[in-house]
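Topology and contacts: notes
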Amino acid sequence: MIHLPVAVTDLAEAVDLARTLARSLASTPQVDVGGTTVSAEDAQHVRHWVFCDRVLPDRRRCGRPADHAEACRPNDGQ
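Residues numbered from 1 in each chain as written. Predicted model: local features only at pLDDT ≥ 70, side-chain atom pairs only at ≥ 80, totals over all residues. Heavy atoms only, no water.

This brings us to the overall build of the protein chain. Along its length, the protein chain carries one helix and two strands. From first element to last, N terminus to C terminus, the protein chain shows the α and β order α-β-β. Taken over the C-alpha trace, the protein chain has a radius of gyration of 13 Å; the compact-globule value for 78 residues is 12 Å, and the two agree within 12%. Taken along the three principal axes of its C-alpha coordinates, the protein chain extends 40 × 30 × 20 Å. Relative to its full complement of 78 residues, the protein chain shows a buried share of 23%. Sequence separation of at least 24 residues holds for 17% of the intrachain contacts in the protein chain that already meet a minimum separation of 6. (Helix = DSSP H or I, 4+ residues; strand = E, 2+ residues; numbered from the N terminus. Rg over C-alpha atoms; globule rule 2.2 N^0.38 Å. Buried < 20%, exposed > 50% of the residue type's maximum accessible area, 1.4 Å probe, protein only. Contact = heavy atoms within 4.5 Å.)

In the structure shown here, the tally under the stated rule is zero disulfides. With no disulfide of its own, Cys 62 lies closest to Cys 72 among cysteine sulfurs, the gap being 3.7 Å. Assessed through its relative accessible area of 28%, Cys 72 is described here as partly exposed. (Disulfide = S-S within 2.5 Å.)

A few words now on the pattern of salt bridges. For the structure shown, the criterion picks out two salt bridges. One salt bridge in this structure joins Glu 70 and Arg 64, with 3.7 Å as the shortest N-O distance. The partly exposed category is assigned to Glu 70, whose relative accessible area is 45%. (Salt bridge = Lys/Arg side-chain N within 4 Å of Asp/Glu carboxyl O.)

Grouped together as the largest cluster of nonpolar side chains are eight residues: Ala 14, Val 15, Ala 18, Ala 22, Val 33, Val 38, Val 50 and Phe 51. Among the elements that line this core, the one with the most residues is helix α1 (residues 11–24), at four residues. Beyond its immediate stretch of four places on either side in the chain, Ala 22 contacts Val 33, Thr 36 and Phe 51. (Core = buried A, V, L, I, M, F, W, Y, C linked by side-chain atoms within 4.5 Å.)

A turn of α-helix holds 3.6 residues, and therefore any two residues three or four places apart point the same way. For α1, which comprises 14 residues, the first-to-last C-alpha distance of 20 Å matches the rise-based estimate of 20 Å (1.5 Å per residue) to within 8%. Every buried residue belonging to α1 is among Ala 14, Val 15, Ala 18, Arg 19 and Ala 22, and all of these are buried. The buried residues of α1 occupy one face: seen down the axis, they fall within an arc of 135 degrees. Along α1, exposed side chains directed more than 90 degrees from the buried face belong to Ala 12 and Ser 24. Summarising the contacts, the buried residues of α1 are in contact with β1 (37–40). For α1, the side-chain oxygen to backbone nitrogen distance between the N-cap and Ala 12 is 3.4 Å, and the N-cap itself is Asp 10. (Expected span 1.5 Å × (residues − 1). Arc of directions from axis to C-beta. Polar contact = N/O pair within 3.5 Å; in protein donor to acceptor, adjacent residues only side chain to side chain.)

Written out as C-alpha cells, the structure is:
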C-alpha cells in the first residue's frame, strides 16, 4: 500500500487524478489498478472507489469508473 498525499479541491478532482495516475501505471505488474481508492486525509477509513472493479465472466475486471451506468467492460489497460 502506498499513500500519496495530493492537494485537490474536491472528491471529483481527487478521483480524476487517481484515475489518471492509475492508468499511467497500469502496465506495471505490481499495481492493482482496480483497487484504486481515494480518501480525505482526516478520514482515511472512508474510501471512494475510482474504478468499478467488478469481475467479469472472463475473470478480467471492469475498467469503467465506479458507479457507472453503462454495461461493464474489461480493463484492457486503458
